[in-house]
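Inside the fold
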Amino acid sequence: MLIGVLALQGAFREHEKMLRACKENIETRQVRLPGQLEGIDGLVIPGGESTTMGKLMIEFGLLDPIRALGSRGVPIFGTCAGLIMLAKDIVGSDQPSLGLMDISVERNAFGRQVESFEDDLDIPDMGEDPFRAVFIRAPYILSVGSGVKVLAQFGDKIVFARQGHLLAAAFHPELTGDYRVHRYFLETAFVD
Amino acid sequence: MAEKGTLKVKTGLAEMLKGGVIMDVTTPEQAKIAEEAGACAVMALERVPADIRAAGGVARMADPTIIKAIMETVTIPVMAKVRIGHFVEAQILEHLGVDYIDESEVLTPADEQHHIDKQAFKVPFVCGARNLGEALRRIGEGAAMIRTKGEPGTGNVVEAVRHMRMVMGEIRRLQNMPREELMASAKEMGAPYELVLWVAENGRLPVVNFAAGGIATPADAALMMQLGCDGIFVGSGIFKSNNPAARAKAVVAATTHYKDSKILAEVSNNLGEAMPGLEIASIQPDQRMQDRGW
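Residues numbered from 1 in each chain as written. Chains lettered and ligands numbered in written order. Predicted model: local features only at pLDDT ≥ 70, side-chain atom pairs only at ≥ 80, totals over all residues. Heavy atoms only, no water.

Moving on, we get to the overall build of chain B. What chain B contains, in helices and strands, is 13 helices and nine strands. For 294 residues, the compact-globule estimate of 2.2 N^0.38 gives 19 Å, and the C-alpha radius of gyration of chain B, at 18 Å, lies within 12% of that figure. Along the first, second and third principal axes, the C-alpha set of chain B runs to 55 × 45 × 45 Å. Looking at chain B as a whole, 61% of its 294 residues qualify as buried. A separation of at least 24 residues holds for 67% of the contacts in chain B among residues at least 6 apart in sequence. Per element, the accessible surface of chain B, about 11,400 Å² overall, is 50% carbon and sulfur. Side chains of chain B give 32 positive and 37 negative charges; the mean places of these two sets differ by 2 Å. (Helix = DSSP H or I, 4+ residues; strand = E, 2+ residues; numbered from the N terminus. Rg over C-alpha atoms; globule rule 2.2 N^0.38 Å. Buried < 20%, exposed > 50% of the residue type's maximum accessible area, 1.4 Å probe, protein only. Contact = heavy atoms within 4.5 Å. Areas by Shrake-Rupley, 256 points an atom, 1.4 Å probe, with all protein chains shown as cover. Lys, Arg positive; Asp, Glu negative; His and termini not counted. Charge placed at Lys NZ, Arg CZ, Asp CG, Glu CD.)

Here it is in structure tokens:
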């Protein structure tokens with residue numbers, strides 16, 4: 001199985017490492033231009049600066065092809081900036097997004113870097129052991145549409161959600177050694 | 001319980017900046033231009049290095065008014081510089097809520113023997129280095145990100161190249177050493193032994209490593225990326241050129257597509273005059289910023 005990782009900016013190498021290590025027979029490809037989307041079975045949009053990524057996606061013609069990919073049912077997993085890119089609605093911003101997931105997100109919602117944190121997160125779908133989640137200038141999901149399943153909350157804030165083949169996390173599983181979230185993506189998003 | 005200011009959280013932000021360009025800005029207007037061009041962060045300053053060099057005298061932390069105005073203008077992370085060893089300037093910046101502090105040789109050092117104890121802060125620090133020993137000393141003090149120093153404010157990439165090759169070469173040398181030689185190596189480099197061991201085993205710095213000091217063109221940025229850095233700082237190179245918006249955008253594209261010569265050729269077109277450059281040999285030894293830091 002070939003998973004593309006959007007490599008315009010951000011922590012794309014960490015995602016590649018996690019994907020290749022968490023399951024057998026996974027290959028990855030860095031995607032910087034539309035041609036590199038051809039033949040991929042799924043896509044990861046990493047953390048980084050969502051404004052930077054959005055601008056580069058438009059400049060190099062990636063926004064529409066990725067939106068088409070997602071509409072066609074190709075699994076996409078977004079973390080942090082990737083979550084913002086997947087959202088239909090970004091509060092108080094007109095920055096470009098794919099608008100694939102029926103979620104409304106708030107950017108830098110926990111505050112600036114000094115407010116960034118890590119904590120144990122309960123993710124019922126991933127077993128009893130808590131997941132050590134790293135939140136960096138993180139967004140959260142304010143509200144979700146009816147087709148979206150909430151997978152985890154931090155207090156009353158939604159930080160992990162799935163809409164069929166689309167998965168979005170406000171935290172960074174690629175910065176931990178815990179493969180469960182990546183494995184979950186590879187196992188659930190590809191079911192149909 | 002939510003833990004703030006952990007090493008994971010500090011180094012994590014640097015991980016998110018990778019493959020991006022951090023630009024020096026002195027006004028909210030410049031910050032907006034940088035953000036529009038796709039900068040992944042900005043460095044808020046009173047003067048860019050080329051002007052600091054020209055003005056002479058003592059260069060200090062910027063006025064908080066400028067830093068706050070820039071923080072209010074952009075949504076990307078805002079960094080700011082403090083003098084080497086000036087931990088009170090750092091306390092002030094932490095209080096203002098800047099996202100990263102650069103303990104920088106561009107400003108006039110406040111301490112000629114000691115750097116800041118960076119572990120004492122919740123806000124992460126980036127520090128300059130010319131070689132592996134210097135990088136590991138800074139990491140030992142708590143730096144969560146390293147940048148090679150180059151020679152700031154010159155528009156001349158030669159020192160940035162020298163420092164990047166030095167760091168990468170020393171890492172390769174450690175990787176090939178038998179374990180029993182690593183202690184003597186740590187002693188020679190003046191670097192913490194545990195970090196030397198880590199580098200020998202992993203073949204890289206334990207934190208993200210950007211290039212800085214003299215980068216003025218898209219080709220300079222791509223050169224540094226191909227030499228193995230994780231991202232780019234551009235100081236005077238953008239706003240000392242005659243078309244900052246176009247140049248900023250081109251440097252961002254060149255950093256993302258650093259191995260794609262077709263795109264590099266395209267974005268290098270029609271950028272207007274780059275900043276005027278400085279021959280390194282023409283700089284008086286006591287004016288070399290890279291020699292500051294211990």
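Another aspect to go through is the sheet that holds strand 3 (residues 41-44) of chain B. All names here are of chain B. One open sheet holds the eight strands; their spatial order is 8-7-6-5-4-3-2-9, and the pairing between them is parallel. Each end of this open sheet is capped by a strand with a single partner; those strands are strand 8 (208-210) and strand 9 (232-234). On average, each strand axis in the sheet is tilted by 30 degrees relative to the strand beside it, whichever way the strands run. By the bridge criterion, four bridges tie strand 2 (residues 21-25) to strand 3 in an arrangement that is parallel. Along strand 3, the bridge assignment pairs Met 23 with Val 42. Seen against the sheet, helix 12 (residues 244-256) touches strand 2 and strand 9 and runs at an angle of roughly 155 degrees to strand 2. (Pairing = 2+ DSSP bridges. Axes fitted to C-alpha atoms, helices over the stretch in contact; angles between N-to-C directions.)

Moving on, we come to the pattern of salt bridges. All names here are of chain A. Inspection of the entire model under this criterion finds 32 salt bridges over all chains. The partner of Lys 149 in a salt bridge is Asp 125, and the shortest N-O contact between them spans 2.8 Å. Here Lys 149 is found in strand 10 (residues 149-154), whereas its partner Asp 125 is found in the loop between strand 7 (117-121) and strand 8 (131-135), with 24 residues between them in sequence. Judged by relative accessible area, Asp 125 falls into the partly exposed class, the value being 37%. (Salt bridge = Lys/Arg side-chain N within 4 Å of Asp/Glu carboxyl O.)

Applying the stated criterion across every chain, the model contains 15 aromatic pairs over all chains. Among the aromatic residues, those joined into a ring-pair cluster are A:Phe110, A:Phe117, A:Phe131, A:Phe135, A:Tyr140, A:Phe154, A:Phe160, A:Phe171 and A:Tyr184. (Phe/Tyr/Trp six-rings, centres within 6.5 Å; stacked < 30°, edge-to-face > 60°.)

Residues and elements named next belong to chain B. Extensive coverage of strand 2 is indicated by the burial of five of its five residues. A two-sided burial pattern is seen for strand 2, the buried positions comprising Val 21, Met 23 and Val 25 on one face and Ile 22 and Asp 24 on the other. Pairing of strand 2 with strand 9, which is carried by three bridges, proceeds in the parallel orientation. Bridging across to strand 9, Met 23 finds its partner in Val 234. For the crossover that starts at strand 2, traverses helix 2 (residues 28-37) and ends in the parallel strand 3, the hand is right-handed. (Right-handed = clockwise from strand over helix to strand, strands pointing away.)

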